[in-house]
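# Analysis of the macromolecular model
One-letter residues, chain by chain:
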Amino acid sequence: MQRFNQHLATLDADLGYNFGYLDEQTKRMIRRAILKGIAIPGYQVPFGGREMPMPYGWGTGGVMLSAAVLGRDDVFKVIDQGADDTTNAVSIRQFFAKVCQIDTTTSTDAASVIQTRHRIPEQALKHGQILIYQVPIPEPLRFIEPRETETQKMHALAEYGPMQVKLYEDIVKYGYIATSYAYPVMVNQRYLMDPSPIPKFDNPKLNQSPALMLFGAGREKRIYCIPPYTEVASLDFADHPFAVQQWSEPCSLCHSTTSFLDEVLIDDQGQRMFVCSDTDYCQQQQASKQEPCHG
Amino acid sequence: MSIIAPGFNQNVEQSQVCFRQLLTALSEPGTEVTLDQHVGFSPLNSAASQVILCLCDQLTPLYLSPFLAELVPGSDIAQAQRNFTFHCNTKPSSLVNADFAVISSQESIHFSRLKVGTDEQPHQSVTLIIQTDDFTSGPKLTLSGPGIPNQRTVQLGQLHPKILQYLLAPSHPFPLGVDLLFCHQQSLIAISRTTKVELASCM
C-alpha cells in the first residue's frame, strides 16, 4: 500500500498538464480581460471561455479566473454557499491542489485567493486578498431585456431605469423590495452589475472592500471586476432604503447574531434549525467560545 | 543582422508573477510595483518589456515608438520588435491600431488617434506603456478614484505636456479611454482610466 501511494505521488507530480490546467495562450487572454475589467469596474468584458473539466454551472468561470491568477505561493480557499466542505468546494479545491500543487486552506484569514460560489465570507477580507466569484448569469438586465444587443446599448447609455422599475414592482406586489439575492448594484456610479447570486446580506461588504473582486461567468463568457476601495451601491428608493435580511434567532451552533443563517430541516416533523452558512466563521466562533472554559 | 535575446527562462511562472504585479498596479492606481523577471529588450526598459512578454501574443498588435531608440544610443527598435515577435508572436502595428503601445514620456502623442474603445465595447482600447526617467521628479500628482483609499500622490518623471494634459483632462469621457502603465527600470505605476488626476497644490 505504501509503495502504491508513493507511485501515485510521483504520477501526480508529472500530470502532463500545464500549471493551472489552462495553456499559456488562454491565460494571457484571460489576464488581459481581467486588466480591462479592472480599468472599467463593473463592465462585463467578453472573453474566449474554454471547456473545463467540469460542467457549466459548477463554477467554470471562477475556475478559469483562478487558473489565470494562481501562482506557486498562493494559499487557496474555495467556498460553496459559505461552506468549505460541500461537493463543489471540495472538488475545485482538489482540482487546483492537483494542477497547481499549491497549499489549500479552509481559513478565510490564511487564504490569499478565495474562490466563492454565492457568498462573501463573514470575516472581513484583507487588503491583498483576491475574491473570485462564480457567476451563472452576468447580465443584471437579462431577465428584463433578453437581447444582448439591447443590453449592450443600455449599458452604453447607462439606461438603468427598467431595473428600478423591477424593484418598484416588488414594492407594489409585496410592500417591500423582495429581491433577496443577486441584488443589483451600481459600481463606481456608472455600471449596473449583478453581484452574482450572493444574498443581499453580503452586498454592503462589496462597498469599499479592501480586497480585489473578480467575477467569472463560464457559460456566458464574461469577466467583470471591482478593484479594492471602490464605491458599490445597492439600488434602492429614498422611501424604501436598501436593507439586509434579519433573523429572529441566533445560529444554533455558535450563537452568532451577526452572520448569514441557513434554515435547515432536521426531522420529518418539520423541526428546523438556523446555522451559519459560513462554516469557517461558525467553527471559529465555536472555538473562541469554548476557550475560556478550558483555559 | 538580427540577434534574438532570451525571453523569460521560466515562462509559466514568470508570466504569472508579472501578471500579479500588474494586477496590483492597475487595481490600485499609483502604487509602485516591481517587475524583476527580465532585463528587457533595449531600448525598452525592463518593466515595459515584461508587460509585453507577460500579456502580448498574436492577437495584440504592438506598437513600439521609434523615438525610444533615439534616447538609448546604439539601440534599435526593429531589433526589439523582432525579439517580441520571436518570443510572443506579436505583430508590429501602427499606433492607431495598436492594443499595446510603448512610447516615451518625452514624446508628443495625439491621444485622439488612439484606440479608446466604443461606448458599447469600451474594453477595445489601447494599453499605453510610457517609459519614464524616474518616479521622483516631475509634477506632483494627486490621484483619487477606485483602488485608492482617499488619495495617493505620485510623481511620474518629466512628462510631455500632451501626456500631462491627457492625465489631467482625458479627452474621452469614461468608460472610453486608455490605461497608462508608467515604467522606469524595474518599476511600474499604473493610472487607470477611472483614476482622477489633479496637480497637487504647492504647500
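If you're wondering where the values come from, they're calculated on a predicted model, not measured in any experiment.

### Some thoughts on the overall build of chain B
When helices and strands are tallied, chain B shows five helices and nine strands. For chain B, the α and β elements follow one another from N to C terminus as α-β-α-β-α-α-β-β-β-β-α-β-β-β. Taking 2.2 N^0.38 as the reference for a compact globule, 203 residues should give roughly 17 Å; the C-alpha atoms of chain B span a radius of gyration of 16 Å, in line with that estimate. Dimensions of chain B, computed from the C-alpha atoms along their principal axes, are close to 50 × 35 × 35 Å. With 203 residues in all, chain B has 60% of them scored as buried.

### Overview of the overall build of chain A
Helix and strand counts for chain A come out as eight helices and 12 strands. Taken over the C-alpha trace, chain A has a radius of gyration of 20 Å; the compact-globule value for 295 residues is 19 Å, and the two agree within 12%. If you line up chain A on its principal axes, its C-alpha atoms span 70 × 55 × 40 Å. Each of the 295 residues in chain A was classed as buried or not, and the buried ones make up 53%. Excluding contacts between residues fewer than 6 apart, the proportion of contacts in chain A whose partners are at least 24 apart in sequence is 60%.

### Focus on the interface of chain B and chain A
Counting residues at the interface gives 39 residues for chain B, matched by 38 residues for chain A. Considering only the side of chain B, the residues that lose the most area to chain A are Phe 19, Glu 120 and His 123 of chain B, jointly responsible for 18% of the buried surface there. Counting every contact that joins chain B to chain A gives five salt bridges. In this structure, Asp 74 of chain A and Arg 20 of chain B form a salt bridge, with 2.6 Å as the shortest nitrogen-oxygen distance. Linking chain B with chain A are 19 residue pairs in polar contact (both at pLDDT 80 or more). Those elements that place two or more of their residues in the side of chain B that touches chain A are helix H1 (11–27), helix H2 (46–55) and strand E6 (148–155) of chain B. The dominant element in the side of chain B that touches chain A, judged by the number of residues it contributes, is H1 of chain B, at 11 residues. For the side of chain B that touches chain A, the per-class residue count stands at 17 nonpolar, 14 polar and eight charged.

### With respect to the packing of aromatic side chains
All names here are of chain A. Enumeration over the complete set of coordinates arrives at 13 aromatic pairs over all chains. Ring geometry for Phe 76 and Phe 96: centres 5.1 Å apart, planes at 80°, overall edge-to-face. Placement of Phe 76 in strand E2 (residues 75–80) and of Phe 96 in helix H4 (residues 87–99) is noted, with a sequence separation of 20 residues between them. The same class applies to Phe 76 and to Phe 96, which are both buried.

### Side note on H1 of chain B
If you check H1 of chain B, its first and last C-alpha atoms are 24 Å apart, about what 17 residues at 1.5 Å a residue would give, namely 24 Å. What H1 of chain B keeps buried is the set Gln 14, Ser 15, Gln 16, Cys 18, Phe 19, Arg 20, Leu 22, Leu 23, Ala 25, Leu 26 and Ser 27 of chain B.

### Points about the pairing of strand E5 (residues 130–134) of chain A
Residues and elements named next belong to chain A. Of all five residues in E5, five are buried; the element is thus mostly enclosed. Residues Ile 130, Ile 132 and Gln 134 line one face of E5 and the alternating positions Leu 131 and Tyr 133 line the opposite face, and both faces are buried. Where strand E4 (residues 113–117) and E5 come together, four bridges link them in parallel fashion. Within E5, the position partnered with Gln 115 by the bridge is Ile 132. In this structure, E5 lies alongside strand E8 (residues 212–217), joined through five bridges in parallel fashion. Residue pairing for E8: Gln 134 is matched across the bridge by Gly 216.

### A look at the domain arrangement of chain A
Residue and element names in this part refer to chain A. Domain boundaries in chain A define domain 1 (2–234) and domain 2 (246–295). Here the C-alpha centre of domain 2 lies 26 Å away from the C-alpha centre of domain 1. Each partner contributes to the interface: domain 1 provides 15 residues, whereas domain 2 provides 10 residues. Interface area, domain 1 with domain 2, both sides summed: about 930 Å², of which 48% is carbon and sulfur. Remark: the boundary between domain 1 and domain 2 carries zero salt bridges.

### What to know about the sheet that holds strand E6 (residues 185–187) of chain A
Residue and element names in this part refer to chain A. The three strands are arranged E7-E6-E10 in an open sheet whose pairing can be described as antiparallel. Among the strands making up the open sheet, the edge pair consists of strand E7 (191–193) and strand E10 (232–234). Each neighbouring strand pair of the sheet contributes to a mean axis angle of 30°, computed without reference to strand direction.

### Observations regarding the packing of helix H2 (residues 24–39) of chain A against H1 of chain B
Direction vectors running N to C along H2 of chain A and H1 of chain B enclose 5°, while the axes themselves pass 10 Å from each other. Considered as vectors, H2 of chain A and H1 of chain B are oriented roughly parallel to each other. Taking contact as the criterion, the partners of Glu 24, Lys 27, Arg 31, Ile 34, Leu 35, Ile 38 and Ala 39 of chain A in H2 of chain A are, on H1 of chain B, Asn 11, Val 12, Ser 15, Gln 16, Phe 19, Leu 22, Leu 23, Leu 26 and Ser 27 of chain B. Taken together, the residues that form the contact of H2 of chain A with H1 of chain B break down as nine nonpolar, four polar and three charged.

### A word on the sheet that holds strand E1 (residues 45–46) of chain A
Taken in spatial order, the seven strands line up as E1-E9-E8-E5-E4-E2-E3 (chain A) in an open sheet, and their pairing is mixed. Here the strands that pair on one side only, and so sit at the sheet edges, are E1 and strand E3 (103–104) of chain A.

### Quick notes on unusual backbone geometry
Of note, the amide linkage connecting Ser 42 of chain B to Pro 43 of chain B takes the cis form, showing an omega dihedral of 10°. Within the fold, Pro 43 of chain B resides in the loop between strand E1 (32–34) and H2. Backbone torsion omega between Phe 174 of chain B and Pro 175 of chain B reads 10°, so that peptide bond is classified as cis. Phi is positive for Asn 188 of chain A, which is not a glycine, with a value near 50°. Of note, Asn 188 of chain A is situated in the loop between E6 and E7.

The rules we used
- Residues numbered from 1 in each chain as written.
- Chains lettered and ligands numbered in written order.
- Predicted model: local features only at pLDDT ≥ 70, side-chain atom pairs only at ≥ 80, totals over all residues.
- Heavy atoms only, no water.
- Helix = DSSP H or I, 4+ residues; strand = E, 2+ residues; numbered from the N terminus.
- Rg over C-alpha atoms; globule rule 2.2 N^0.38 Å.
- Buried < 20%, exposed > 50% of the residue type's maximum accessible area, 1.4 Å probe, protein only.
- Contact = heavy atoms within 4.5 Å.
- Buried area = accessible area lost by both parts, 1.4 Å probe.
- Salt bridge = Lys/Arg side-chain N within 4 Å of Asp/Glu carboxyl O.
- Polar contact = N/O pair within 3.5 Å; in protein donor to acceptor, adjacent residues only side chain to side chain.
- Nonpolar A, V, L, I, M, F, W, Y, C, P; charged D, E, K, R; others polar.
- Phe/Tyr/Trp six-rings, centres within 6.5 Å; stacked < 30°, edge-to-face > 60°.
- Expected span 1.5 Å × (residues − 1).
- Pairing = 2+ DSSP bridges.
- Domains from an automatic or database assignment.
- Axes fitted to C-alpha atoms, helices over the stretch in contact; angles between N-to-C directions.
- Parallel < 35°, antiparallel > 145°, perpendicular 65-115°, else oblique.

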